[in-house]
Structures are given as C-alpha cells and as structure tokens.
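A look at the structure
What follows is the residue order along each chain.
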Amino acid sequence: MEKTRIILDTDIGTYYDDAVAVMFAAQSPELQVEGVTVCYGDTHLRAQIAVKVLEIAGRSDIPVFKGIGVPMRDESLMFGFEGEGILEPGEEPTYSDQHAVDFMIETIMNNPGEITVVTLGTVSNIAHAIIKEPAVVDNIKELIMMAGVVVPIVDDKGVRRSPVEEYNFNNDKIAAELVLRSKMPMTLIPIDVTLGAPLLDEDLARIQASDSPIAKLTARIFELWPPQEKLIYTAVGIPTEHTALWLHDPLTVMHAFDRSLMTTYPLHIAAEYNQTPIEREMYLHNANGRQEMLRTNPKKLTANMDVALEVDGVAVSRLFADRLSAPIGMGLA
Ligand SMILES: [Ca+2]
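Residues numbered from 1 in each chain as written. Predicted model: local features only at pLDDT ≥ 70, side-chain atom pairs only at ≥ 80, totals over all residues.

By the naming in an unreviewed UniProt entry, the protein goes by Purine nucleosidase and is assigned to Mycetocola miduiensis.

Following this line, the structure appears as structure tokens:
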C-alpha cells in the first residue's frame, strides 16, 4: 500500500480533539506521518504534549517540531486547558531542535508533490513557510485545514447551533488571509461540517472497554472534557444541550487518506472581517478597540479550494473507535 505522506500541524493541548487526532494518525497504516508540528501559544508545552502522546501510542519514531506561537497580529484568544491528563507534573519530554517552519519547508521542497499538510489549529506555521519559501505553494501536494465556518447551523426553532466564526482562523487572522490567498491546492473542513461527527455512545463504549494505552488516554481525555466544553459553549452563546464529543480534528486527518467520508465542493473562500455580535471576554480587542472577526463566506467567484459540506458522521465515529480501541502499533503496518 502506498502511504499518504503528511505533516500534522496541531495546537495540541487546548482542545481535547488534537491529542486524539494525533493518536488516530499514529494508528493509521494509510499514513506516513513525517512529523508533528505545533502552533499557537505555548508551543514548547504543546511540543512536549505531542511527544508524550506519540510515546503512549508507541510512535516515538515520529519527530515533533515546535512552531510559531504568536499570531501575526496581536490579538488572540486562548481557552487554556493545557494538556490536562496527559503530562505528569515535572515531566519534560524533549523534541527536535529544528523549527517547525523550517521542517515544513525542507520536507515539502525535498519531496515535490508528495507532502500533504494537515492543520488542526491556526495556520501560522504554513503561512510563515510560504513567506520564507514561496515555492512551497507549488511543491505541496495539498493543504487540508480544519478551519472556518461556511454554512452556520441553525436548528428548526431558529436557534444557532454552531459558531458564526471559527477559532482556528481567528486565532491568527493574518496567517489565515495569507493562506486563503495562496493558490495552493487546499481543502477546507469547516466547523459546521465537523459538528456532524460526534463520537457515538456505542463507539465511546468500545474505547472505554479497551485495554490499549491509547484507548485509556482517550477515555481519560473524554472524561475531562465535557464540563470544559460546556463553559466554552456558554461563552460563545450556544445552548449547551448541543455539546458532544466532536471529532473535528480526527475527521480532518481521515480526509488525508479517505475521501468517502465527506462530500466536498469547489468554492471560492476568502477572508472578510465583521464585528462580532457577541461580546466575549476571552477575545482581546484590536487596536481600534473592536472585536473584529474573520469570516469565510463563499463568494460567487472562481473556486480556489475544495470545501467539505457534508459528512457521514456514523462512519467517522466507527473508524475513529476502530483505530483507538485497537492495540498500538497499527500505524506501523
Ligand atoms: Ca485543534
């Protein structure tokens, strides 16, 4: 089997699903994970968390690279539940000395047309890679991003069930703008689609019943998460009865090797700015004192990327549980 070669770029540590997405990638025989790169905020801590997660998954062969922590403009938000349940107190795993941006450039340029970059956080690292080596745009195979909102979800009573702005693009808006304009081959997996893929109860039960170290870690993360998710939902004004164990990031990794799980359409997506209707303490105000948010509404222009619009949530949940309840080492096959 020819493996899909990926660089997995993640803000592991803040939200629960990055850690399980890294374990999912490590357990996928279809993937050759060239490296895990980390972005946004405390990238030293995130790199350490990634090393620990890969060690638990029996994949210390996958190198980890610290990347860009500071957004291109000085505004950001941070949920901050950093790696709870993953690193033991005082534990200091070590990672590569090479910078994530240099690793991305080197890997893409040495393997023209071979490397897919999958981003699960801000797109800061790939944006910096484009600035430092513009030829990555012509040499990358594909950029798959979990980011943006394309069709905000409203339920039959007219209540909003998904955010109108999305965290990953908004945590480094200038990087997002730069990447969206880059003309590289791109697929966008927006949050309105990933909200169609919750982990189903029977699949969670399979993970909880497994003795494998990744299943145990996944079960622990899923236990810690729901109260934090409720806090976040409350903060962004979404009814908390709609919370679930969303598989945003694992779903995005799946798309690197399985195109049957989501339906994609070619669309034109560009960054535009709106003032947010919701006052949020967690957002820093920009220089004008405004809470300006990046939106990604499709435009009636020539398509510049593929955008996921539908997902087979049951198949996603099943595949996720298959891999995370299995014995470790599956990805080495
Ligand atoms: Ca993430």
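**Quick word on the nonpolar core**
Judged by nonpolar contacts, the single largest core of 96 residues is most densely connected at V22, M23, A50, V53, L54 and M104. Per-element accounting of this core gives the leading share, 8 residues, to helix α1 (residues 17-26). When neighbours within four sequence positions are excluded, A50 is seen to be in contact with T10, I12, V22, V36, V38 and V64. (Core = buried A, V, L, I, M, F, W, Y, C linked by C-beta atoms within 7 Å. Buried ≥ 20, exposed ≤ 12 C-beta atoms within 10 Å, placed from the backbone. Helix = DSSP H or I, 4+ residues; strand = E, 2+ residues; numbered from the N terminus. Contact = placed C-beta atoms within 7 Å.)

**Examining helix α12 (residues 313-324)**
The end-to-end C-alpha distance of α12 is 17 Å, a good match for the 16 Å that 12 residues give at a rise of 1.5 Å each. Listing the buried residues of α12 in full gives G313, V316, S317, L319, F320, A321, R323 and L324. (Expected span 1.5 Å × (residues − 1).)

**Quick look at the confidence of the model for the protein**
Of all residues in the protein, 86% have pLDDT values of 70 or greater, and the mean over the chain is 88. The low-confidence segment residues 282-287 (pLDDT under 50) makes 11 contacts with residues lying over four places distant or belonging to another chain. (pLDDT = per-residue confidence, 0-100.)

**Some points on the packing of helix α3 (residues 100-110) against helix α4 (residues 124-132)**
Between α3 and α4, whose axes approach to 9 Å, the crossing angle comes to 65°. Here the hand of the crossing between α3 and α4 comes out right-handed. Here α3 contributes A100, V101, M104 and I105 to the contact with α4, which in turn contributes N125, I126, H128, A129 and K132. In terms of residue class, the contact of α3 with α4 is built from 6 nonpolar, 2 polar and 1 charged. (Axes fitted to C-alpha atoms, helices over the stretch in contact; angles between N-to-C directions. Left-handed = near helix turned anticlockwise from the far one by under 90°. Nonpolar A, V, L, I, M, F, W, Y, C, P; charged D, E, K, R; others polar.)

**Notes on the sheet that holds strand β2 (residues 31-38)**
Hydrogen bonds between backbone groups are what pair the strands of a sheet, and the pairing can be parallel or antiparallel. Reading across the sheet, the 9 strands line up as β3-β2-β1-β4-β5-β6-β11-β7-β10 and stay open at both edges, with mixed pairing between neighbours. Each edge of the open sheet is held by one strand with a lone partner, namely β3 (64-66) and β10 (298-299). Direction of pairing for strand β1 (residues 4-10) relative to strand β4 (residues 115-119): parallel, over a ladder of 5 bridges. Following the sheet pairing, D9 is matched in β4 by T119. Here α3 sits on the sheet in contact with β1, β2, β3 and β4, set at roughly 150° to β2. (Pairing = 2+ DSSP bridges.)

**Focus on unusual backbone geometry**
Phi angles above zero are rare outside glycine, and Y40 is one such case at about 75°. Considering the arrangement of structural elements, one finds Y40 in the loop between β2 and α2 (43-56). Of the residues examined, Y40 has 29 C-beta atoms within 10 Å and is grouped as buried. Phi is positive for K183, which is not a glycine, with a value near 70°. By the secondary structure assignment, K183 is in the loop between α7 (173-180) and β6 (186-189). For K183, a count of 10 C-beta atoms within 10 Å gives the class exposed.

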